[in-house]
Amino acid sequence: MTNPLDPPAQPVRLLIVDDDPLVRAGLTFMLGGAADIVIVGEGADGSEVADLVDRLRPDVVLMDIRMPTMDGLAATEALRSRPDAPEVVVLTTFHADEQVLRAIRAGAAGFVLKDTPPAQIVDSVRRVAAGDPVLSPAVTRQLMDLAAGVAAGTGADGRAGRAERARRRIAGLAERERAVAVAVGRGCSNAEIAASLCLSVATVKTNVSRILAKLDFNNRVQIALLVHDAGLLDEEDDGPGHLRAVP
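Residues numbered from 1 in each chain as written. Predicted model: local features only at pLDDT ≥ 70, side-chain atom pairs only at ≥ 80, totals over all residues. Heavy atoms only, no water.

A. Structural context of the pairing of strand β5 (residues 110-113). Of the two faces of β5, both are covered, the one formed by G110 and V112 as well as the one formed by F111 and L113. Here four bridges tie strand β4 (residues 87-92) to β5, and the two strands are oriented parallel to one another. Bridge pairing in β5 links V89 to G110. (Buried < 20%, exposed > 50% of the residue type's maximum accessible area, 1.4 Å probe, protein only. Helix = DSSP H or I, 4+ residues; strand = E, 2+ residues; numbered from the N terminus. Pairing = 2+ DSSP bridges.)

As structure tokens, then:
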């Protein structure tokens, strides 16, 4: 099995989309120096993304959120709805705001801050290209807190409808998968889930993969958001140390 942190056998084809030419130049200089990453093109607005992806076939798109004509959120939503879409990493100046939450719901594989050290941005692109979303348990918890705040400001009808849709989707999961999904929703790492549910880490990884496949998701934060929307976090004991073991 390959390690997602190892350089891929084929160079990662990367498209950079940002309306600031200085930011694009800096990212191109930074990322273009990696032997296993090829900058296949640049875009200055989200409205250019569809055509650039069709022509350049990138593996990963590094997408700024705030752009004048079509922002990175709308571009991400449109892109991820297409078959065989490249992965998207959101580029932002914010640690976690409503826009980042919307991008994750749309299927972005993670996000990096514009002031992130160059080596970490390179590593993030590699990880996403290898199928390993750049979303740590700490970031997941932060996004869950944000989601709770957003839900509190949503009308009762809107919350009820979202909860019902989420519950219907989760109903298709097996009991163990549901327990793992709730733990993911709490921002637990695979090791924490394994310890709390008396499973091996390998079994947890297998269950997470099955959940992603059944729900047609591409990252664990989407699982966490669905669990949150369904209200399952309120039904379980708090904390990774109090999750129920399942057979």
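B. Structural detail: helix α3 (residues 72-80). Along α3, the residues that are buried comprise G72, L73, A75, T76 and L79. Summarising the axial view, the buried residues of α3 lie within an arc of 165 degrees, below the 170-degree limit, and thus occupy one face. Considering only its buried residues, α3 is in contact with α2 (49-56), β3 (60-64), β4 and α4 (98-106). For α3, the N-terminal capping position is held by D71, with its side-chain oxygen 3.1 Å away from the main-chain nitrogen of L73. (Arc of directions from axis to C-beta. Contact = heavy atoms within 4.5 Å. Polar contact = N/O pair within 3.5 Å; in protein donor to acceptor, adjacent residues only side chain to side chain.)

C. Layout of the sheet that holds β5. The strand order across the open sheet built from five strands is β2-β1-β3-β4-β5, with neighbouring strands paired in parallel fashion. Lying at the two open borders of the sheet, with one neighbouring strand each, are β2 (37-43) and β5. With direction set aside, neighbouring strand axes in the sheet form an average angle of 25 degrees. In the packing of helix α1 (residues 21-32) onto the sheet, the strands contacted are β1 (12-17), β2, β3 and β4, and the crossing angle to β2 comes to about 170 degrees. (Axes fitted to C-alpha atoms, helices over the stretch in contact; angles between N-to-C directions.)

D. Representation of the pattern of salt bridges in the model. Inspection of the entire model under this criterion finds ten salt bridges. A salt bridge links R82 to D54; the nearest nitrogen and oxygen atoms lie 2.4 Å apart. Separated by 28 residues along the polypeptide, R82 in the loop between α3 and β4 and D54 in helix α2 bring together distant segments of the chain. On the basis of relative accessibility, which here comes to 27%, the residue R82 falls in the partly exposed class. Taking the relative accessible area as the measure of exposure, D54 reaches 38% and is therefore partly exposed. Of the charged contacts, one joins K214 and E177 as a salt bridge, the two residues approaching to 2.8 Å between their closest N and O atoms. Of this pair, K214 sits in helix α10 (residues 201-215) while E177 sits in helix α8 (residues 175-185), and the two are 37 residues apart along the sequence. (Salt bridge = Lys/Arg side-chain N within 4 Å of Asp/Glu carboxyl O.)

E. Representation of the environment of E87 in the model. Relative to the elements of secondary structure, E87 occurs in strand β4. Under the relative-accessibility criterion, E87 is labelled partly exposed at 21%. Sequence-wise, E87 and G131 are 44 residues apart; in three dimensions their C-alpha atoms are separated by 8.7 Å. Those residues in contact with E87 that lie beyond four places of it in its chain are D59, V60, V61, R80, A109, V128 and N218.

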